[in-house]
Amino acid sequence: MGQKRTLVIGAHGKIGQLFCERAQRSELSICAMVRSAEQREYFERLGTPCVMGDLEADFAHALDDCTDVVFTAGSGGHTGAEKTILVDLYGALRSIEAAEERGIEHFVMVSALRCEAPLSAPPGLRHYMVAKKLADEHLMASPLPHTILRPGLLSDEAPSGMVCTDPGRATTRSISRANVAHCILTALESGGGNGRTIDLLDGATPITEVFHA
Ligand SMILES: NC(=O)c1ccc[n+]([C@@H]2O[C@H](COP(=O)([O-])OP(=O)(O)OC[C@H]3O[C@@H](n4cnc5c(N)ncnc54)[C@H](OP(=O)(O)O)[C@@H]3O)[C@@H](O)[C@H]2O)c1
């Protein structure tokens, strides 16, 4: 395959949009996976290439000309467990399998902090944590070079460029979506996925230090 190109699954989401804007200002070549004409128009106005794809339908074609994948899709808190299973779990599993079939070079998964222990989460979040845990385990068991990012509670604060990767030492339970977007870009720019799982909260360590360590 020639040029590097990153497919963004969940591109029109809050993290997805922040990541795409940041990627547009970088050297990274991206393709936004969208699921409506309005979303396609939004990215076309920005000059971002896009492809139609729905995690609940056929979307594997979206990975065809890509070397890297970012998965930052999610059904959101307003939908029920059924959508969590279809999108956050099954959509993620199918994305990983499509990536494996195409020899994707780096799969960056936006997961969730402490999803390895779903029963420790509040009851209403447990099914979501199970979905994230199983998706992460599927990725870890695959031969795909990958990075798993596990943000805490997401906020819409301005980007600080600084994070904490040790929840035991963190002074907050949250991280700004803009900082997560910055981490995704830095993970991709720092080269191939080396199978790291990185917990993310706002903090005092420069993001570049985390990924170039
Ligand atoms: N909320 C938190 O505190 C928290 C904490 C840790 C991790 N996370 C994770 O962070 C990630 C993104 O967060 P966010 O705030 O950016 O979420 P968001 O704004 O809700 O974005 C989610 C994206 O997923 C897309 N999506 C949903 N169903 C889909 C489907 N069937 N096919 C294709 N795309 C689909 C949505 O598409 P539409 O735009 O078309 O709706 C949207 O673009 C998720 O993976 C979430 O699990 C969240």
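Details of the structure are given in the entry above.
Before going into details, it helps to say that this report is about the structure given with it. (Residues numbered from 1 in each chain as written. Predicted model: local features only at pLDDT ≥ 70, side-chain atom pairs only at ≥ 80, totals over all residues. Heavy atoms only, no water.)

1. What to know about the site of the ligand
Near the ligand lie 24 residues; those nearest to it are G13, Q39, A73, Y128 and R177. Contact distances for the ligand include 2.6 Å between an oxygen atom and a side-chain N or O atom of Q39. In the model, an oxygen atom of the ligand is placed 3.0 Å from a nitrogen or oxygen of the L154 main chain. Within the complex, the protein chains bury 80% of what would otherwise be the 930 Å² of accessible surface of the ligand. Listing elements by their share of the shell around the ligand, those giving two or more residues are α1 (14–24), α4 (126–141) and β7 (153–155). (Near = heavy atom within 4 Å. Polar contact = N/O pair within 3.5 Å; in protein donor to acceptor, adjacent residues only side chain to side chain. Areas by Shrake-Rupley, 256 points an atom, 1.4 Å probe, with all protein chains shown as cover. Helix = DSSP H or I, 4+ residues; strand = E, 2+ residues; numbered from the N terminus.)

2. Some details on the packing of aromatic side chains
For any two aromatic rings, the description comes down to two numbers: the centre-to-centre distance and the angle of the planes. Using the criterion set out here, one finds one aromatic pair in the structure. Ring centres 4.9 Å apart and planes at 85 degrees place the aromatic pair Y42 and F43 in the edge-to-face group. Taken as a pair, Y42 and F43 share a single burial class, namely buried. (Phe/Tyr/Trp six-rings, centres within 6.5 Å; stacked < 30°, edge-to-face > 60°. Buried < 20%, exposed > 50% of the residue type's maximum accessible area, 1.4 Å probe, protein only.)

3. Looking at the pairing of strand β10 (residues 196–202)
Sheet faces and side chains relate simply in a regular strand, where the side chains alternate between the two faces. Across the seven residues that make up β10, a large majority, five, are buried. Sheet topology note: the strand β6 (residues 146–151)/β10 ladder contains five bridges and is parallel. Bridge assignment links L149 to a residue of β10, and that residue is I198. Pairing between strand β8 (residues 162–164) and β10: two bridges, direction antiparallel. Across the sheet, V163 pairs through a bridge with D202, a residue of β10. (Pairing = 2+ DSSP bridges.)

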